[in-house]
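# Fold and contact review
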2 protein chains.
Amino acid sequence: MDTSSPASPARRDVLRGAALGTTALAATAAGAAGTPDTAALRAAVKADHDVNIKRLQDWIALPTIAAEGRNIDQGVAHMTQLARDAGFQTVETIKPAKGIPAVFATMDNGAKKTLGLYFMYDVKQFDPAEWSSPPLEGRIVDRAGMGKVLIGRGATNQKGPESMMLAALHAFKKTGRKPPVNLVLIAEGEEEIGSPNFAEIVRTPKVLAALKKCSGVIIPFPSQAPGNGNVSVNLGAKGVIELELVASGEKWGRGPAKDLHSSNKAIVDSPAWHLVEALATLVTPDGNTPAIDGWFEHVLPLTPREKALIADSAAKRDQAREMAQMGVKKFVGDMTWQETLERLAAMPTINIEGLVAGYTGPGGKTVLPARAVAKIDMRLVPAQTKDDCVAKLKAHLAKRGFGDIEVNVSGGYDPTQTDENSALIKAELATCARAGIQTTVYPRLAGSWPGYVFTSAPVSQPAGQFGFGHGSGAHAPDEYLLIESSNPKVLGYDDAVMGYVDFLHQIAATG
Amino acid sequence: MDTSSPASPARRDVLRGAALGTTALAATAAGAAGTPDTAALRAAVKADHDVNIKRLQDWIALPTIAAEGRNIDQGVAHMTQLARDAGFQTVETIKPAKGIPAVFATMDNGAKKTLGLYFMYDVKQFDPAEWSSPPLEGRIVDRAGMGKVLIGRGATNQKGPESMMLAALHAFKKTGRKPPVNLVLIAEGEEEIGSPNFAEIVRTPKVLAALKKCSGVIIPFPSQAPGNGNVSVNLGAKGVIELELVASGEKWGRGPAKDLHSSNKAIVDSPAWHLVEALATLVTPDGNTPAIDGWFEHVLPLTPREKALIADSAAKRDQAREMAQMGVKKFVGDMTWQETLERLAAMPTINIEGLVAGYTGPGGKTVLPARAVAKIDMRLVPAQTKDDCVAKLKAHLAKRGFGDIEVNVSGGYDPTQTDENSALIKAELATCARAGIQTTVYPRLAGSWPGYVFTSAPVSQPAGQFGFGHGSGAHAPDEYLLIESSNPKVLGYDDAVMGYVDFLHQIAATG
């Protein structure tokens with residue numbers, strides 16, 4: 001850990017303590033277990049580079065999109081084959097009562113410890129017109145200041161890093177050795193619609209029994225920052241709710257049943273205006289802070305330890321670079337970097353992801369729309385829960401005369417949080433330390449993944465995201481994964497694969 | 001005029017005066033001129049019924065849509081041929097500096113009086129998936145309680161009634177006689193985008209000179225109500241402004257330059273929320289009344305005469321039937337029918353015709369959109385003007401911190417108003433009286449047409465909409481025109497054509 005942080009002396013003492021702890025851990029882990037004979041594994045990874053990239057490209061070429069019902073059966077079959085090929089001995093399909101099947105696989109390596117792997121085999125929708133290379137091609141292109149990157153839907157979210165973990169398993173297989181831990185894989189196909197059936201899938205008795213034996217669960221994640229290669233170890237992630245707010249003349253009992261000529265606005269109520277007025281009550285006038293009645297009732301403030309962790313992050317993360325990468329000139333409220341990162345971790349959000357009403361084509365069309373829709377996502381922080389927040393939203397709308405507006409929840413789940421002192425987090429930090437990669441520990445990812453299914457009862461395991469390398473553009477055009485790095489601080493594909501090899505050994509050795 | 005109106009005695013006196021005036025006028029007009037030898041003309045219209053309907057269907061099959069740049073040259077050529085075929089002696093194209101050409105045609109019949117005809121040869125966009133029969137086919141289908149209707153884009157707005165006027169001219173031609181008035185036709189192709197170049201077209205010296213000779217200008221309009229066959233003679237029409245409000249990270253200097261992962265909402269401003277907050281300031285909380293600073297500064301209240309006219313309309317128009325036809329259960333504010341019709345005439349409107357931001361497809365997509373658009377139309381009443389209203393909107397937004405939101409005006413024009421005592425309106429009322437059709441005089445249409453180009457300087461002519469028959473569904477799916485009427489109070493196609501024959505004679509005789 002970097003002790004050249006420009007934090008205040010008092011804060012430095014706190015961080016130094018944390019840093020020393022990590023360093024000591026890393027040394028212990030390396031001393032106790034290390035990664036035996038990595039040379040052969042590394043040679044295997046290098047030799048199979050093209051095979052591994054081809055495996056990722058083939059997967060990207062088959063986008064499973066739950067929202068569109070696209071490539072469901074094919075996605076399950078492909079994920080099943082990927083698991084078999086990587087050496088999983090049992091691979092089966094778990095079908096929820098409704099929704100899309102998951103793939104459940106186990107690999108018994110006769111080890112003492114077992115690691116859970118969470119994969120998602122689905123991806124977000126995409127519009128090829130917005131991409132600089134075809135989103136299903138996985139083309140490898142030069143990117144200035146980075147090296148070679150692979151562009152494709154799923155490159156970073158999440159097929160890319162998942163393919164790295166599979167590549168690590170292939171390296172064990174090719175060199176004729178067993179991974180140092182047993183593995184349990186659960187791969188869902190509905191992550192991008194808010195994992196509506198994942199809790200049910202995980203509570204399937206055989207899946208639950210397998211997960212209960214784990215030392216923790218990770219989702220592969222290329223977590224290095226592009227400039228300094230810093231890895232942010234997230235101790236949790238925000239929860240999420242995705243929903244549509246639908247205002248319609250039909251449900252309202254006012255406004256038109258079908259689109260009318262807009263001259264009638266003089267005498268006919270407008271569902272579109274009704275929706276706009278309802279939306280405006282959900283957030284503060286600057287659009288930045290939830291204003292739903294009681295929204296902060298269960299929101300926990302940051303602890304002093306969490307603030308100290310964020311201070312360390314603020315010192316190590318490159319604000320200017322991150323802003324440039326995001327395409328953002330100012331953060332909300334023109335706050336300091338520390339305040340911004342505190343807000344990123346601690347603030348629940350209400351975001352408009354889409355608006356659709358009336359005529360949406362080129363030019364205008366003078367209609368009074370019968371229906372208006374806002375697509376909303378909300379991010380939740382501990383100790384908010386999805387169910388309580390949905391209830392609060394509905395009560396808030398009803399109280400203000402918007403009870404007719406439909407709240408159609410399509411998915412979502414609670415926040416997830418894992419103890420900084422768990423074996424899983426220790427193994428993550430140790431792996432970084434052995435690789436000489438600077439880490440920051442961040443209270444929680446501002447994004448979401450359904451880790452709560454693992455961290456809450458009945459599984460009750462530590463869970464986190466982990467991995468080296470770099471990728472970006474999740475949900476956006478030109479999503480990419482770094483393949484060959486021109487920056488020695490950021491690992492390319494093969495080195496990131498080796499990171500997973502080392503991580504499996506750390507899991508075997510830690511705790 | 002129906003003097004069985006349940007209006008109060010005092011009001012009845014007012015209306016009776018108007019009614020008597022109209023009746024006297026009608027008798028005079030009929031006595032002085034009438035329509036000589038209508039039998040031959042009527043026989044010609046009847047004999048050519050299929051030809052006239054085919055002419056309309058062929059026109060509908062060629063949709064000119066300015067917003068999409070669709071069938072511009074073909075639309076001009078078709079309109080040119082329609083004018084030539086109907087007997088116009090000079091037909092030429094008038095090209096504005098920017099935009100789509102108009103067709104200017106004259107027919108010198110050696111008459112004392114000249115009537116101006118305003119045609120639009122363009123139509124609104126349409127989505128065939130929403131129609132019960134193909135929108136370009138002009139299929140004739142049975143409609144319960146009405147008779148046979150022709151379904152197609154432009155059936156009522158405006159090719160259908162324009163084709164009736166052309167059919168009337170063909171009847172004169174076929175029977176070897178000249179229409180009793182000279183005609184000046186100006187047909188534009190940009191009405192549906194707000195006639196952005198029509199003032200320039202009309203001020204072309206030769207067009208202006210021709211129009212200055214007219215006794216007034218009409219746009220053909222099938223103005224009979226479906227139940228009682230009542231004709232509402234509109235003394236004017238609201239003005240309109242069509243515009244897009246565009247919020248973007250780029251212009252704002254806050255928010256993302258391109259769509260971001262929505263987890264960044266915690267720290268990045270949202271153009272979509274910015275737009276929602278701005279929109280909410282434009283109207284009262286019920287979405288029904290403009291709240292832009294100074295919006296009512298130039299709005300003229302209804303005069304006592306206008307209120308009396310509306311009272312007559314309220315008595316004669318069938319509220320329940322109109323609501324059912326609109327697909328509306330309640331009007332704004334649960335007002336009385338009289339109050340509703342006053343509001344329809346007198347209230348300026350701000351309507352959301354479309355909302356587009358971020359992800360608009362099925363399901364959700366967790367993006368923070370870089371751009372959000374509201375498509376807005378505003379209806380203006382006397383003495384509001386387009387330019388003043390656009391300036392007020394911009395000032396209102398700027399004052400509230402929304403000055404970055406682009407106000408992209410795509411078209412529009414001022415309201416139009418014509419004197420109730422003008423020769424044009426007198427001829428309209430006389431034609432109705434001769435046909436035994438009940439009339440109401442309504443202060444102004446809640447919709448818009450660019451009549452202001454004629455009623456304001458330098459043309460300064462009376463202008464109005466006129467015609468018999470019935471059509472509905474302008475801008476909506478299944479737009480239709482009544483062809484064969486099963487209701488004796490509402491005229492079918494051929495009788496409506498004869499209405500124009502009679503109207504031309506009334507113009508010749510009136511004044």
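As the structure is a prediction and not an experimental result, all values here were calculated from the model.

If you tally the helices and strands in chain A, you get 16 helices and 20 strands. Taken against the 2.2 N^0.38 rule, which gives 24 Å for 511 residues, the C-alpha radius of gyration of chain A at 24 Å falls within 12% of a compact globule. Of all 511 residues assigned to chain A, the portion counted as buried reaches 63%. Total accessible area on chain A stands at roughly 17,300 Å², and carbon and sulfur atoms take up 53% of it. On chain A, the mean spot of the 53 positive side-chain charges and the mean spot of the 54 negative ones are 3 Å from each other.

A word on the interface of chain A and chain B. Taken together, the contact between chain A and chain B spans 82 residues of the former and 80 residues of the latter. Interface area for chain A against chain B, summed over the two sides, is near 6,900 Å², with a carbon-plus-sulfur share of 56%. Three residues, A:Ile267, A:Trp273 and A:Leu355, lead the burial of chain A against chain B; their summed loss comes to 12% of the area buried on that side. Run the count over chain A and chain B and you get 2 salt bridges. Note that A:Arg254 is salt-bridged to B:Asp334, the shortest N-O span being 3.0 Å. At the boundary of chain A and chain B, one finds 42 residue pairs in polar contact (both at pLDDT 80 or more). Elements that contribute at least two residues to the side of chain A that touches chain B include exactly strand S10 (239-248), strand S11 (260-261), helix H9 (271-280), helix H11 (319-326), helix H12 (337-346), strand S12 (349-358), strand S13 (367-368) and strand S14 (371-380) of chain A. With 10 residues, the top contributor of residues to the side of chain A that touches chain B is S12(A). In this sheet, strand S12 (residues 349-358) of chain B lies alongside S12(A) in antiparallel orientation, the contact comprising 5 bridges. Across the sheet, A:Gly358 pairs through a bridge with B:Gly354, a residue of S12(B).

In the segment running from A:Asn157 into A:Gln158, the intervening peptide bond is cis, with an omega of 15°. Mapped onto the fold, A:Gln158 is located in the loop between strand S5 (147-151) and helix H5 (159-174). Going from B:Pro382 to B:Ala383, the amide bond is cis rather than trans, its omega being 0°. The phi dihedral of A:Asp478 falls on the positive side, at around 55°, and the residue is not glycine. With respect to the secondary-structure elements, A:Asp478 resides in the loop between strand S19 (471-472) and strand S20 (480-485). Unusually for a residue other than glycine, B:Ser195 sits at a positive phi of about 50°. Within the element layout of this structure, B:Ser195 appears in the loop between strand S6 (182-188) and helix H6 (198-202).

A few words on the packing of aromatic side chains. Under the definition given, this model contains 18 aromatic pairs over all chains. Both rings, one in B:Tyr413 and one in B:Tyr452, keep their centres 5.7 Å apart while their planes meet at 10°; by these two values the pair is stacked. You can see B:Tyr413 sitting in strand S15 (residues 406-413) and its partner B:Tyr452 sitting in helix H15 (residues 452-455), a full 39 residues away along the chain. For B:Tyr413, a relative accessible area of 2% translates into the label buried. Ring pairing ties together the aromatic residues A:Tyr118, A:Phe198, A:Trp449 and A:Phe454, which thus form one cluster. Lying over the aromatic face of A:Tyr480, A:Arg143 brings its terminal NZ or CZ to 4.4 Å of the ring centre. The cationic tip of A:Arg317 hangs over the ring face of A:Tyr442; the distance from NZ or CZ to the ring centre is 5.5 Å.

Where charged atoms from two side chains of opposite charge approach closely, those side chains can pair. All names here are of chain A. Under the defined criterion, the tally for this structure stands at 45 salt bridges over all chains. Between Asp495 and Arg42 there is a salt bridge, and its shortest N-O distance comes to 2.9 Å. Of the two residues, Asp495 sits in helix H16 (residues 493-509) while Arg42 sits in helix H2 (residues 38-47), which places them 453 residues apart along the sequence. According to the relative accessible area criterion, Asp495 is partly exposed, its value standing at 34%. In this structure, the salt-bridge partner of Asp293 is Arg400, at a minimum N-O distance of 2.8 Å. Highlighted residues: Asp293 in the loop between H9 and helix H10 (304-316) and Arg400 in the loop between helix H13 (386-399) and strand S15 (406-413), separated in sequence by 107 residues. Using a relative accessible area of 27% as the deciding quantity, one classes Asp293 as partly exposed.

This part is about the relation of the copies chain A and chain B. Of the transformation superimposing chain A on chain B, the axial component is 0.2 Å and the angular component is 180°, with the fit at an RMSD of 0.1 Å. Such a turn and shift between the copies fits a two-fold axis. Nearest to the rotation axis, the C-alpha of A:Val356 is located 2.6 Å from it, this being the minimum over chain A. When the interface residues of chain A are mapped onto chain B, 98% of them again lie at the interface, so the same face is used by both copies.

Attention shifts here to the pairing of strand S20 (residues 480-485) of chain B. Along a regular strand, successive side chains alternate from one face of the sheet to the other. All names here are of chain B. In the sheet, strand S5 (residues 147-151) pairs with S20 via 5 bridges, with the strands oriented antiparallel. Each bridged residue has a counterpart across the sheet, and for Ile151 the counterpart in S20 is Tyr480. Here strand S19 (residues 471-472) pairs with S20 via 2 bridges, running antiparallel. Within S20, the residue paired with Gly471 across the bridge is Leu481.

Residues and elements named next belong to chain A. A sheet is described by the order of its strands in space; here 4 strands give the open sequence S4-S5-S20-S19, paired in antiparallel fashion. One side of each edge strand has no neighbouring strand; the edge strands of this open sheet are strand S4 (139-143) and S19. Packed onto the sheet, helix H3 (residues 49-60) meets S4, S5 and S20 and runs at close to 35° relative to S5.

Further remarks concern the packing of helix H3 (residues 49-60) of chain B against helix H5 (residues 159-174) of chain B. All names here are of chain B. The geometry of H3 relative to H5 is characterised by a closest axis approach of 10 Å and an angle of 140° between their N-to-C directions. Taken together, the axis directions place H3 and H5 in an arrangement best described as oblique. Of the two elements, H3 crosses H5, and the hand of that crossing is right-handed. Contact residues: Asn52, Arg55, Leu56, Trp59 and Ile60 in H3; Lys159, Gly160, Glu162, Ser163, Leu166, Ala167 and His170 in H5. A per-class count over the contact of H3 with H5 returns 5 nonpolar, 4 polar and 3 charged.

Reading the values: rules and limits
Residues numbered from 1 in each chain as written. Chains lettered and ligands numbered in written order. Predicted model: local features only at pLDDT ≥ 70, side-chain atom pairs only at ≥ 80, totals over all residues. Heavy atoms only, no water. Helix = DSSP H or I, 4+ residues; strand = E, 2+ residues; numbered from the N terminus. Rg over C-alpha atoms; globule rule 2.2 N^0.38 Å. Buried < 20%, exposed > 50% of the residue type's maximum accessible area, 1.4 Å probe, protein only. Areas by Shrake-Rupley, 256 points an atom, 1.4 Å probe, with all protein chains shown as cover. Lys, Arg positive; Asp, Glu negative; His and termini not counted. Charge placed at Lys NZ, Arg CZ, Asp CG, Glu CD. Contact = heavy atoms within 4.5 Å. Buried area = accessible area lost by both parts, 1.4 Å probe. Salt bridge = Lys/Arg side-chain N within 4 Å of Asp/Glu carboxyl O. Polar contact = N/O pair within 3.5 Å; in protein donor to acceptor, adjacent residues only side chain to side chain. Pairing = 2+ DSSP bridges. Phe/Tyr/Trp six-rings, centres within 6.5 Å; stacked < 30°, edge-to-face > 60°. Lys NZ or Arg CZ within 6 Å of the ring centre and 35° of its normal. Least-squares fit on C-alpha atoms with pLDDT ≥ 70 in both. Axes fitted to C-alpha atoms, helices over the stretch in contact; angles between N-to-C directions. Parallel < 35°, antiparallel > 145°, perpendicular 65-115°, else oblique. Left-handed = near helix turned anticlockwise from the far one by under 90°. Nonpolar A, V, L, I, M, F, W, Y, C, P; charged D, E, K, R; others polar.

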